[in-house]
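Next come the chains, spelled out residue by residue.
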Amino acid sequence: MIQIKLPEEEIAGVPLRNHMLLAAGILGTTGASLKRMLNLGAGGVVTKSIGPKAIPGHHGPALIPVDGGLINAMGLPNPSKDFVEEIAPLKGEPVVVSIFGGTPEEFGTVASWFPDAAAFELNLSCPHAEGYGASIGVNPRVVRECTEIVKTYNKPVWVKLTPNVTDIKIIGKAAEEGGADAIVAVNTVKAMRISTELRRPVLGNVFGGLSGQAIFPIAVRSVYDLYDAVDIPIIGCGGISSADNVLEMMMAGASAVEIGSAIHDSVNIFSEIAADLYSKDGIPAEEIVGCAHV
Ligand code: RRO
């Protein structure tokens, strides 16, 4: 297997310690758990998505295991502005604050609360949130306007996209036109299960988002598509659980990756992957980013 060198420069405006970040929503609601993941080898961390109002989330069941992954319908639970104090001790660390809103103005309001963020990740992609996430992130104009407004806070802006669209390239280009510094591809894939015993949907919210190894090929395809369409860095996300998966994402066009569901199998996933992925004699990652394009 190819081995690569640790990053020597910022990626998408953030000084990452390696090419792997903790994905949004995974252990990201407390400052202590974010700090723990940095201590356990994450190159950077993305927080749980924070919105304009505190909300408790959907009724349970909100997380179910399925073959090859998980389906969640957490429902954007978040403490809103109180999160500012929660992550204050992490000032100076590579903490990307994930934010959401129902309008560009709400995105701007939430961004204004976090002057210490290393970057913002705009959640325009949660697959089961009425009025938020993918329900507005399928509209290129809205994606461009949300990006433009958050960009006025003079920080790197990453835009996280849904794979649940006909052509992800159109949405990626809209984010780039709005001034995005990177695209994150992808959020979870809209999904559901039904209990044959109960004759009812399993999740309290009926629909949820599928994550984990089952969606890795969808994420690779999305990154591959976007690499042809945009000139800004792409962060690959969706089902990554090995060093070979990281390399495959890079070959599709990703400059870095986010890891989420694999943490449920091993909290040491970052250091385990790093042991296989990095060597001081490795090649610079830039040599393989996008190399699979024909
Ligand atoms: O909180 C959630 O239910 C959630 C979010 Br914000 C998201 O972006 N993606 C997802 O699968 N779940």
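- In the nomenclature of an unreviewed UniProt entry, the chain corresponds to Dihydroorotate dehydrogenase from the organism Methanocorpusculum labreanum.
- The UniProt entry for the chain carries the following text under Pathway (unreviewed entry): "Pyrimidine metabolism; UMP biosynthesis via de novo pathway."
- Its UniProt record, at the heading Subcellular location (unreviewed entry), says of the chain: "Cytoplasm".

1. Overview of the overall build of the chain
Stage number 1. A tally of regular secondary structure across the chain gives nine helices and 14 strands.
Stage number 2. For the chain, the C-alpha radius of gyration of 18 Å lies close to 19 Å, the compact-globule estimate for 294 residues.
Stage number 3. Each principal axis of the C-alpha atoms in the chain carries an extent, and together these give about 55 × 45 × 40 Å.
Stage number 4. Expressed as a percentage of the 294 residues in the chain, the buried residues total 56%.
Stage number 5. Sequence separation of at least 24 residues holds for 71% of the intrachain contacts in the chain that already meet a minimum separation of 6.

2. Concerning the UniProt feature "active site" (unreviewed entry) in the chain
Stage number 1. UniProt's entry tags Cys126 with the feature "active site" (unreviewed entry), counted in the numbering of this structure.
Stage number 2. On the secondary structure map, Cys126 appears in the loop between strand S6 (119-123) and helix H4 (134-137).
Stage number 3. Ignoring anything within four residues of it in the chain, the contact list for Cys126 reads Leu76, Tyr132, Gly133, Ala134 and Asn187.

3. Some words on the state of the cysteines
Stage number 1. Considering all chains together, one arrives at zero disulfides under this definition.
Stage number 2. Note on Cys237: no disulfide assigned, nearest cysteine sulfur contributed by Cys126 at a separation of 13 Å.

4. Overview of the site of the ligand
Stage number 1. Lining the immediate surroundings of the ligand are 13 residues, of which Lys48, Gly75, Asn123, His128 and Thr188 lie closest.
Stage number 2. In this structure, an oxygen atom belonging to the ligand sits 2.9 Å away from a main-chain N or O atom of Leu76.
Stage number 3. Between the ligand and Asn123, the relevant distance is 2.8 Å, taken from an oxygen atom to a side-chain nitrogen or oxygen of the residue.
Stage number 4. According to the grid-proximity analysis, the pocket containing the ligand is the largest pocket.
Stage number 5. Classifying every residue of the shell around the ligand by side-chain character gives six nonpolar, six polar and one charged.

5. Here's the deal with the pattern of salt bridges
Stage number 1. This model, assessed by the stated rule, comprises eight salt bridges.
Stage number 2. A salt bridge links Glu93 to Lys35, with the nearest nitrogen and oxygen atoms 2.9 Å apart. Pair noted here: Glu93 is in the loop between helix H2 (83-87) and strand S5 (95-99) and Lys35 is in helix H1 (residues 31-39), with a separation of 58 residues, a long-range link.
Stage number 3. Residue Lys35 is classed as partly exposed on the basis of its relative accessible area, which comes to 30%.
Stage number 4. A salt bridge links Asp181 to Lys151; its shortest N-O distance comes to 2.7 Å. Placement of Asp181 in the loop between helix H6 (168-177) and strand S8 (182-185) and of Lys151 in helix H5 (residues 140-151) is noted, with a sequence separation of 30 residues between them.
Stage number 5. Relative accessible area serves as the criterion here: at 24%, Asp181 is assigned to the partly exposed category.

6. Side note on unusual backbone geometry
Stage number 1. Looking along the chain, the bond that leaves Gly60 and enters Pro61 is cis, with omega of -10 degrees.
Stage number 2. For Pro61, the position within the fold is in the loop between strand S2 (44-46) and strand S3 (63-66).
Stage number 3. The peptide bond linking Ala185 to Val186 adopts the cis configuration, its omega dihedral lying at 15 degrees.
Stage number 4. Positionally, Val186 belongs in the loop between S8 and strand S9 (189-191).

7. Here we look at a negative patch on the surface
Stage number 1. Among the surface-exposed residues, Glu8, Glu9, Glu10, Glu286 and Glu287 lie close enough to one another that they form a single negatively charged patch.
Stage number 2. Mapped onto the secondary structure, Glu8 falls in the segment before strand S1 (20-22).
Stage number 3. Looking at Glu8, the relative accessible area reads 71%, which means it is exposed.

8. A few points about the UniProt feature "binding site: substrate" (unreviewed entry) in the chain
Stage number 1. Annotation from UniProt places "binding site: substrate" (unreviewed entry) at Lys48, Asn72, Ala73, Met74, Gly75, Leu76, Asn123, Asn187 and Thr188. Taken from the residues named earlier, the lining of the largest pocket is made up of Lys48, Asn72, Met74, Gly75, Leu76, Asn123, Asn187 and Thr188.
Stage number 2. Residue placement: Gly75 occurs in the loop between strand S4 (69-72) and H2.
Stage number 3. In this structure Gly75 comes out as buried when scored by relative accessible area, which is 7%.
Stage number 4. With residues near it in sequence (within four places) discarded, Gly75 still touches Ile55, Gly57, His58 and His128.
Stage number 5. Looking at the secondary structure, you find Asn187 in the loop between S8 and S9.
Stage number 6. The buried category is assigned to Asn187, whose relative accessible area is 10%.
Stage number 7. The contact partners of Asn187, leaving out residues within four places of it in the chain, are Asn123, Ser125, Cys126, Pro127, Lys160, Leu161, Pro163 and Ile215.
Stage number 8. Among the polar contacts listed, one links the side chain of Asn187 to the side chain of Ser125, at a separation of 3.0 Å.

About the criteria used
- Residues numbered from 1 in each chain as written.
- Predicted model: local features only at pLDDT ≥ 70, side-chain atom pairs only at ≥ 80, totals over all residues.
- Heavy atoms only, no water.
- UniProt positions renumbered as here; feature names shortened; annotations may be inferred.
- Helix = DSSP H or I, 4+ residues; strand = E, 2+ residues; numbered from the N terminus.
- Rg over C-alpha atoms; globule rule 2.2 N^0.38 Å.
- Buried < 20%, exposed > 50% of the residue type's maximum accessible area, 1.4 Å probe, protein only.
- Contact = heavy atoms within 4.5 Å.
- Disulfide = S-S within 2.5 Å.
- Near = heavy atom within 4 Å.
- Polar contact = N/O pair within 3.5 Å; in protein donor to acceptor, adjacent residues only side chain to side chain.
- 1 Å grid on protein atoms, 1.4 Å probe; cavity = no way out; pocket = protein on both sides within 12 Å on 5 of 7 lines; lining within 4 Å.
- Sits in = over half its atoms within 2 Å of the grid points.
- Nonpolar A, V, L, I, M, F, W, Y, C, P; charged D, E, K, R; others polar.
- Salt bridge = Lys/Arg side-chain N within 4 Å of Asp/Glu carboxyl O.
- Patch = residues over 30% accessible without salt bridge, like charges linked within 9 Å, V, L, I, M, F, W, Y side chains within 5 Å.
- Areas by Shrake-Rupley, 256 points an atom, 1.4 Å probe, with all protein chains shown as cover.
- Lys, Arg positive; Asp, Glu negative; His and termini not counted.
- Charge placed at Lys NZ, Arg CZ, Asp CG, Glu CD.

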